[in-house]
Amino acid sequence: MKIISGPASVELSENVSTLTGYQNVSVASKIFPDGETYVRLEGNISNNDNVAIIQTTCPPLQDSKLFQLAFIADVAKRMGANKVTAIVPYLAYARQDKLFLSGEGISVRTIAHMLKASGIDEFLTINIHSEHVLSEFPFPAKTLSAISLLASYFVEKGHKKAFALAPDKGAMYIAKEAQQVLGGDVGHLSKNRDRYTGQTSQSAEGLDVEGQTVIIFDDIISTGGTIVGAAKILKERGAKHVFTTCVHPLLIGDASKRILDAGVEEIVGTNSVPGAFSKVSLAPLISKHLKGAP
């Protein structure tokens, strides 16, 4: 096995290479003046090598990152790679997985078929928004969960027994996974949608968090509106400390400022989306999978 460092995930790729002992192959990349993408593998791929390309496709420039991934896969196959596995911590377009209006496309399905055409044989991502969509991919596809890594971060920070909170009922499976590590209580807020205006509101009926440390768990934080609302409710209910964590910290615009201004003491994400809040590395999780450990 060889690890190919996608331009968007160089540090993560190098860490996976170190943990697994697999050779790392770097990639030279650039954007031409006309906006087109260029990549070149800076190492050899021998006949019958199995390779894993690690390349996240988070904003900004997610389209360019997808093309980089496809170009790298095509080059690897042309150089003789036997099997190409794409490891994409954050998969762009994953939330565009169903039709709402006539004439729309299912974008994530299109992306999957594009990657298949580029030479990818196997696909791995982390906490995809809707796991069911992977069954429609034209190659074996799997998602891993980084929730236990995030929970472990807080245990190491001294927050064992913290309350694991899901921002809505649909995310309870995430909070329950975190609870297995934290060992405290678990619960969720309720989300209500006005049938006339379409606006949503949150409530915490029956939720007792007074005096507790509460950690809000989610898969993605994008604009931060849900977390801001949750934090305000928790403070009103007497929570002593409020933290929030997610696998994919997109944090679009001023989302992080709004979250912190709402009383959240710390925002923690993984390096699926590299940035100031990417405090938990996915390297151990990916390395374990590549080594075939249970």
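Let me sum up the structure you'll find in this document. Everything numeric here is computed off the predicted structure, so don't read it as measured data.

Reading the values: the criteria
- In every chain, residue numbers begin from 1 and rise along the written sequence.
- Owing to the predicted nature of the model, reporting of local features is limited to residues with pLDDT of at least 70; listing and counting of side-chain atom pairs is limited to 80 or more, with chain, interface and lining totals taken over all residues.
- Hydrogens are left out, water is left out, and the side-chain values use all remaining heavy atoms of the structure.
- Secondary structure elements follow DSSP: runs of H or I of four or more residues count as helices, runs of E of two or more count as strands, with numbering from the N terminus.
- The globule rule used here is 2.2 Å times the number of residues to the 0.38 power, and the radius of gyration it is set against is calculated over C-alpha atoms.
- Relative accessible area decides the class of each residue, using a 1.4 Å probe on protein chains only: under 20% of the type maximum gives buried, over 50% gives exposed, and in between gives partly exposed.
- To be clear on the numbers: accessible area is Shrake-Rupley with a 1.4 Å probe, and residue cover counts the displayed protein chains and nothing else.
- Note: two strands are recorded as paired if DSSP finds a minimum of 2 bridges between them.
- Axes here refer to lines fitted to C-alpha atoms; in helices the fit is confined to the stretch in contact. Angles between the N-to-C directions go from 0 to 180 degrees.
- In this analysis, two residues are considered to be in contact whenever any of their non-hydrogen atoms come within 4.5 Å of each other.
- The rule is short: rings of Phe, Tyr and Trp, with Trp giving its six-membered ring, pair when the centres are within 6.5 Å, and they are stacked under 30 degrees, edge-to-face over 60, tilted in between.
- As a reminder, the over-ring test applies to NZ of lysine and CZ of arginine, requiring each to be within 6 Å of the ring centre and within 35 degrees of the ring normal.
- Here a polar contact is taken to be a pair of N or O atoms separated by no more than 3.5 Å, where protein atoms must pair a possible hydrogen donor with a possible acceptor and residues adjacent in sequence count only if both atoms sit in side chains.
- Within this document, salt bridges are pairs made up of a side-chain nitrogen of Lys or Arg and a carboxyl oxygen of Asp or Glu, the two lying within 4 Å of each other.

Moving on, we come to the overall build of the protein chain. A count of helical and extended segments in the protein chain gives 8 helices and 16 strands. Relative to the globule expectation of 19 Å for 294 residues, the C-alpha radius of gyration of the protein chain, 20 Å, shows essentially globular dimensions. The dimensions of the protein chain, computed from C-alpha atoms along their principal axes, are 60 × 45 × 35 Å. Looking at the protein chain as a whole, 51% of its 294 residues are labelled buried. By element, 48% of the accessible surface of the protein chain is carried by carbon and sulfur atoms, the whole surface being about 13800 Å².

The next subject is the sheet that holds strand β14 (residues 241-249). Hydrogen bonds between backbone atoms are what pair the strands of a sheet, whose relative direction is either parallel or antiparallel. The strand order across the open sheet built from 6 strands is β10-β9-β13-β14-β15-β16, with neighbouring strands paired in parallel fashion. Edge positions in the sheet fall to β10 (186-188) and β16 (278-280), since each of these pairs with one other strand and no more. Adjacent strand axes in the sheet meet at a mean angle of 35 degrees, parallel and antiparallel pairs treated alike. For strand β15 (residues 267-270) and β16, the ladder comprises 2 bridges, and the chain directions are parallel. Its bridge partner lying in β16, G269 is registered against S278. Sheet strands touched by helix α6 (residues 225-236): β9 (163-166), β13 (213-221) and β14. Its angle to β13, the strand with the most contacts, is close to 170 degrees.

Both the distance between ring centres and the angle between the ring planes are used here to describe each pair of aromatic rings. Evaluation of the coordinates by the stated rule reveals 7 aromatic pairs. Seen in terms of ring centroids, F137 and F139 are 5.9 Å apart; in terms of plane orientation they differ by 80 degrees. Their pairing is edge-to-face. An identical accessibility class is assigned to F137 and F139; each is buried. Following the ring pairs from residue to residue traces out a cluster consisting of F123, F137 and F139. Just above the ring of Y38 sits the side chain of K30; from NZ or CZ to the centre is 5.1 Å.

This paragraph deals with the pairing of strand β7 (residues 122-126). Within β7, 4 of the 5 residues are buried, leaving the element largely enclosed by the surrounding structure. Across 4 bridges, strand β6 (residues 83-88) lies against β7 in parallel orientation. The residue bridging T85 from the neighbouring strand is E122, located in β7. Where β7 lies against strand β8 (residues 141-144), 4 bridges are found, and the strand directions are parallel. If you follow T125 over to β8, its bridge partner there is T143.

Here the focus is the environment of E265. With respect to the secondary-structure elements, E265 resides in the loop between α7 (255-261) and β15. Separated by 24 residues in the primary sequence, E265 and H241 place their C-alpha atoms 7.2 Å from one another. Leave out the neighbours within four places in its chain, and E265 touches K240, H241, V242, F243 and L260. Only 2.8 Å separates the side chain of E265 from the side chain of H241, close enough to count as a polar contact.

Tallying each qualifying case throughout the model produces 8 salt bridges. In this structure, R109 engages E136 in a salt bridge whose closest nitrogen and oxygen atoms are separated by 2.5 Å. On the criterion of sequence distance, the pair formed by R109 in helix α3 (residues 107-117) and E136 in the loop between β7 and β8 is long-range, its members being 27 residues apart. Judged by relative accessible area, R109 falls into the partly exposed class, the value being 34%. One salt bridge in this structure joins K257 and D261, with 2.7 Å as the shortest N-O distance. Taken together, the residues K257 and D261, both in helix α7 and 4 residues apart, mark about one turn of the helix. Comparing K257 with D261, the two get one shared label, exposed.

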